[in-house]
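Remarks on the overall topology
Here's the letter readout for the chains.
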Amino acid sequence: MVSLLVKEMLYINEVVLGTGFGVIIGPYVANIFNPRAWGGSQENKITLEIMRVVLATGLFAVGVELPCAYMKEHAKSLFVMVVPTMAFGWVVVSAVLHALFPGLDEVSALCIAACLTPTDPVTCAAITRGRFATKHVPVDIRRILSAESAANDGLAYPFLSIAIYLTVETSTRVAIGKWFLIGWLYEVILGTVLGAVLGLLFSKLMKISHRKGFIDRESYIAQYLALAIFTIGVASSIGVDDLLASFAAGCAISWDGHFNVQTADDSFSSVIDYVLNCGCFIYIGAWLPFDSYNSPELGLTPWRLVILMVSILVLRRIPPLLVLYRWIPEITSWKEALFSGHFGPMGVSAVFVAALALTRLPVPENPPANQAQLLAAMIQPIVSFIVLGSIIVHGLSIPFFNLGREVHSRTATLTYTWTRTRTGPPLPDWVFYARRPENNTGTPMAPGSDVDVERGEGTNGKDNSVTEAGPDQTGSSPPSRAEIVTPTASVEEEETIISNHDSTNGGGDVATEPIQVEENPDSTETDGRALQPRLVRFPSSE
């Protein structure tokens, strides 16, 4: 009922609202909805599949909404933005984890860091869309952030699999061999090829059906959701990377733009995406294990988690993008690189990868008997706390940024208007709204001096030559209180300006002054006459 007010006026998206509502109805407040009451393994499987469906739908939507052949034209930028940034963040986050939680060895720290490496496309889409993003974020930045968040989601598999194999396998050689054959060739490469083939195949079939009149518009639009679910079903059944497959299918089906044309100006996909996102973050809010954030027996304490959160926000993406943005044409300045580095939220994808890791780890005992059990006990509390912090920081960044801009704008306006100093009697209020002409020095005027309102300069009773004032220039000094651009008048016509001039005695006497309009001999007008800026002299207060 107030969605437009909240989203377009306060810039608070469904990610923050859904998570907050989930916390309220969750076990720690109202205790209406408690996903963890379903049991350990069962709850983790349900969490995994909910995140999978929401992620795959969002990734398919990102692929469809990108321009035709976007991935081909921007492959170099995406490679530079995705691979080095993910690798840097993975190593740095694992180092911070190992330093803050000494009980975790290097491999376990790498496993948890793999959950926090990918950028969440669902949260990123909520940030890069809307009125604020459309107005203030360049379209190239919005597109490259969307494509990057979709691509690095699927590439989280290799980072996770190498850590899992090193944890559960007894031989390092066997772990690296499985990582290369299964983690890269089978899951990533085959998953991408499978998604692209499915997308191209359905694109051809749907164009044939549309051309022959076998499919109507409603059914065409319904394929938006059906194809995403079908792709992740096929990919999951054969064990390949279903997230990359879904993104590749979305890019392939809209490669030539035909699918985009048929689904243009339709809100069905947006409604489905919005409903899934709201439901997913309500689930995450109720799923958050607040009681696990203070577990001294595992080495988990609130202050360690807060330090980890701040370190991840500062070190995970910002340093590599500040270095690499020169090789990314879509990012043109260090400010845009800083913006892109900051908006790397962690959300649904982090929860999904953590739930996926738990399916390959042993059930932890109390206390954990080995490193694998310690990792299984600590991965969800750490990941969920970082997800909660990311939702708060990234979800509220735009509202606070907009609030700061408004406060700065109002402060600058007040300073611009009222910090001018001037001697002599006050002038009418309407003078404050005058534009400042070019090359005005803004020198204060003495009482009784003549005022050239076209140029805002005192003439001291002399008939100075007046030239036409230029347009306003950016960065010019604020307008003085006596500046005004007078209205035009016909040639050889005497006009009178009447102003409610507050004199020094407060009498409010009315002053009139004739305006002399001179002919311009150099005018190129056909009638040989033109207007010159007119000189108006306000009466002195004496």
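Everything here concerns the structure above.
Quick look at the structure, then. (Residues numbered from 1 in each chain as written. Predicted model: local features only at pLDDT ≥ 70, side-chain atom pairs only at ≥ 80, totals over all residues. Heavy atoms only, no water.)

**Quick word on the overall build of the protein**
This is how the line gets drawn: Here a helix means four or more residues in a row that DSSP labels H or I, a strand means two or more in a row labelled E, and each is numbered from the N terminus. Only protein chains enter the accessibility calculation, which uses a 1.4 Å probe; a residue is then buried when its area is under 20% of its type maximum, exposed when over 50%, and partly exposed in between. Note on contacts: a residue pair qualifies if any of its non-hydrogen atoms lie within 4.5 Å across the two residues. Computed with a 1.4 Å probe, the accessible areas rest on the Shrake-Rupley method; for each residue, only the protein chains presented here act as cover.
A count of helical and extended segments in the protein gives 21 helices and six strands. Across the 542 residues in the protein, those meeting the buried criterion constitute 48%. Taking all contacts inside the protein whose residues are at least 6 apart in sequence as the whole, residues at least 24 apart take part in 76%. Counting only carbon and sulfur atoms, one obtains 61% of the accessible surface of the protein, whose full area is about 26200 Å².

**Observations concerning the packing of helix H9 (residues 139-154) against helix H13 (residues 242-253)**
To be explicit about the condition: All axes are obtained by fitting lines to C-alpha atoms, using only the stretch in contact for helices, and the reported angles, taken between N-to-C directions, cover 0 to 180 degrees. In this scheme, a crossing is called left-handed if the near helix is turned counterclockwise away from the far one by less than a right angle; it is called right-handed if the turn is clockwise. The nonpolar class holds Ala, Val, Leu, Ile, Met, Phe, Trp, Tyr, Cys and Pro. Asp, Glu, Lys and Arg form the charged class, and all remaining residues, Gly among them, are polar.
Where H9 meets H13, the axes come as close as 7 Å, and the angle between the chain directions of the two elements is 145 degrees. By crossing handedness, the relation of H9 to H13 is classed as left-handed. Contacts between H9 and H13 involve Ala 147, Ala 150, Ala 151, Asp 153 and Gly 154 from the former and Leu 243, Leu 244 and Phe 247 from the latter. Of the residues that constitute the contact of H9 with H13, the class distribution is six nonpolar, one polar and one charged.

**Let's talk about the side chain of Arg 316**
Let me state the cut-off plainly: Counted as positive: Lys and Arg. Counted as negative: Asp and Glu, with His and the chain ends omitted from the count. Each salt bridge in this description consists of a side-chain nitrogen of Lys or Arg and a carboxyl oxygen of Asp or Glu lying within 4 Å of one another. Residues adjacent in sequence count toward polar contacts only when both atoms are side-chain atoms; beyond that, a polar contact is any pair of N or O atoms within 3.5 Å, and within protein one must be able to donate a hydrogen and the other to accept it.
You can see Arg 316 is positioned in the loop between helix H16 (302-315) and helix H17 (318-324). For the buried Arg 316, which has no salt bridge, the nearest side chain bearing the opposite charge is Glu 148, at an N-O separation of 7.0 Å. Side-chain polar atoms of Arg 316 contact the backbone oxygen of Leu 116, separated by 2.8 Å. With near-sequence residues (within four places) excluded, Arg 316 lies in contact with Thr 85, Phe 88, Gly 89, Val 93, Leu 116, Thr 117, Pro 118, Thr 119, Ser 311, Gly 344, Pro 345 and Met 346.

**With respect to the side chain of Ser 295**
By secondary structure assignment, the location of Ser 295 is in the loop between helix H15 (268-287) and H16. Among the polar contacts made by the side chain of Ser 295, one reaches the main-chain carbonyl oxygen of Ser 292 at a distance of 3.1 Å.

**Regarding the nonpolar core**
How we decide: Buried residues of nine kinds, namely Ala, Val, Leu, Ile, Met, Phe, Trp, Tyr and Cys, make up a nonpolar core once their side-chain atoms join them within 4.5 Å.
Counting 98 residues, the largest nonpolar core has Leu 97, Phe 101, Leu 308, Phe 352, Ile 379, Ile 382 and Val 383 as the members making the most contacts within it. A total of 13 residues in this core trace back to one element, the largest contributor, which is helix H20 (residues 371-395). With residues up to four places along the chain from it excluded, the contact list for Ile 379 reads Cys 111, Ile 112, Cys 115, Ala 354, Ala 357 and Leu 358. Judged by nonpolar contacts, the second largest core, of eleven residues, contains Ala 61, Leu 227, Ala 228 and Ala 249.

**Regarding the packing of aromatic side chains**
Going by this rule: Only the six-membered ring of Trp is used, alongside the rings of Phe and Tyr, when aromatic pairs are assigned; centres must lie within 6.5 Å, and planes under 30 degrees apart are stacked while those over 60 apart are edge-to-face, with the rest tilted.
Under the definition given, this model contains ten aromatic pairs. When the centroid spacing of 5.2 Å and the interplanar angle of 80 degrees are considered together, the rings of Tyr 293 and Phe 385 count as edge-to-face. Here the residue Tyr 293 occupies a position in the loop between H15 and H16, and Phe 385 occupies one in helix H20, the gap between them amounting to 92 residues. Neither Tyr 293 nor Phe 385 differs from the other in exposure class; each is buried.

**What about helix H18 (residues 334-342)?**
Because the α-helix completes a turn every 3.6 residues, residues three or four places apart line up on one side. We count it as follows: This arc is built from the directions going out from the helix axis to the C-beta atoms.
For H18, the set of buried residues is Glu 336, Ala 337, Ser 340 and Gly 341. Take H18 and look down its axis: the buried residues cluster within an arc of 135 degrees, on one side only. At its buried positions, H18 is contacted by helix H5 (75-100), H9 and H17.

**What to know about the pattern of salt bridges**
On inspection of all chains with the given rule, the structure shows seven salt bridges. Between Arg 52 and Glu 49 there is a salt bridge, and its shortest N-O distance comes to 3.0 Å. A residue pair is termed a helical-turn pair when its members lie 3 or 4 positions apart in one helix, as Arg 52 and Glu 49 do in helix H3 (residues 40-65) at three residues. Judged by its relative accessible area of 38%, Glu 49 is partly exposed.

**Structural notes on unusual backbone geometry**
Note that the residue after Asn 366, namely Pro 367, is joined by a cis bond; omega there is 0 degrees. Within the fold, Pro 367 resides in the loop between helix H19 (348-358) and H20. With phi around 55 degrees, Asn 31 is a residue other than glycine that occupies positive phi space. With respect to the helices, strands and loops of the structure, Asn 31 is situated in the loop between helix H2 (14-25) and H3. Even without glycine at this site, Ala 69 takes up a positive phi of about 55 degrees. Summarising the element assignment, Ala 69 is placed in the loop between H3 and helix H4 (70-73). The exposure class of Ala 69 is buried, given its relative accessible area of 14%.

**Overview of helix H10 (residues 156-168)**
Rules: Helix span, as expected, comes to 1.5 Å for every residue beyond the first.
The end-to-end C-alpha distance of H10, which contains 13 residues, comes to 18 Å, matching closely the 18 Å that a straight helix rising 1.5 Å per residue would cover. H10 sits mainly inside the fold: ten of its 13 residues count as buried. Residues of H10 that are buried: Ala 156, Tyr 157, Pro 158, Phe 159, Leu 160, Ser 161, Ile 162, Ala 163, Ile 164 and Tyr 165.

**Overview of the environment of Leu 185**
Its place among the elements puts Leu 185 in helix H11 (residues 172-212). In this structure, the C-alpha to C-alpha distance between Leu 185 and Pro 158, residues 27 residues apart in sequence, is 10.0 Å.

**Observations regarding a nonpolar patch on the surface**
The following threshold applies: Patch rule: a residue counts if its relative accessible area is over 30% and it has no salt bridge; like charges are joined within 9 Å, and nonpolar side chains (Val, Leu, Ile, Met, Phe, Trp, Tyr) within 5 Å.
Taken together, the side chains of Phe 180, Leu 181, Ile 182, Leu 185, Tyr 186, Ile 189, Leu 190, Val 193, Val 197 and Ile 238 define a hydrophobic patch exposed on the protein surface, amounting to about 850 Å² of accessible area. If you tally residues by element for the nonpolar patch, the top one is H11, at nine residues. Along the chain, Val 193 falls in helix H11.

**Quick word on the environment of Ile 221**
Within the fold, Ile 221 resides in helix H12 (residues 217-238). Residues Ile 221 and Asn 260, 39 residues apart in the sequence, show an inter-C-alpha distance of 9.9 Å.

**What to know about the packing of helix H6 (residues 106-116) against H10**
Spelled out, the test is: What sets the label is the angle itself: under 35 degrees gives roughly parallel, over 145 gives roughly antiparallel, 65 to 115 gives roughly perpendicular, and the rest give oblique.
Two elements in contact, H6 and H10, have axes whose closest approach is 8 Å; the angle formed by their N-to-C orientations is 155 degrees. For the element pair H6 / H10, the angle class is roughly antiparallel. Crossing of H6 over H10 shows left-handed handedness. On the side of H6, the interface is formed by Val 107, Leu 110, Cys 111 and Ala 114, while H10 contributes Ala 156, Phe 159, Leu 160, Ala 163, Ile 164, Leu 166 and Thr 167.

By themselves, these are just geometric observations and shouldn't be taken as functional.
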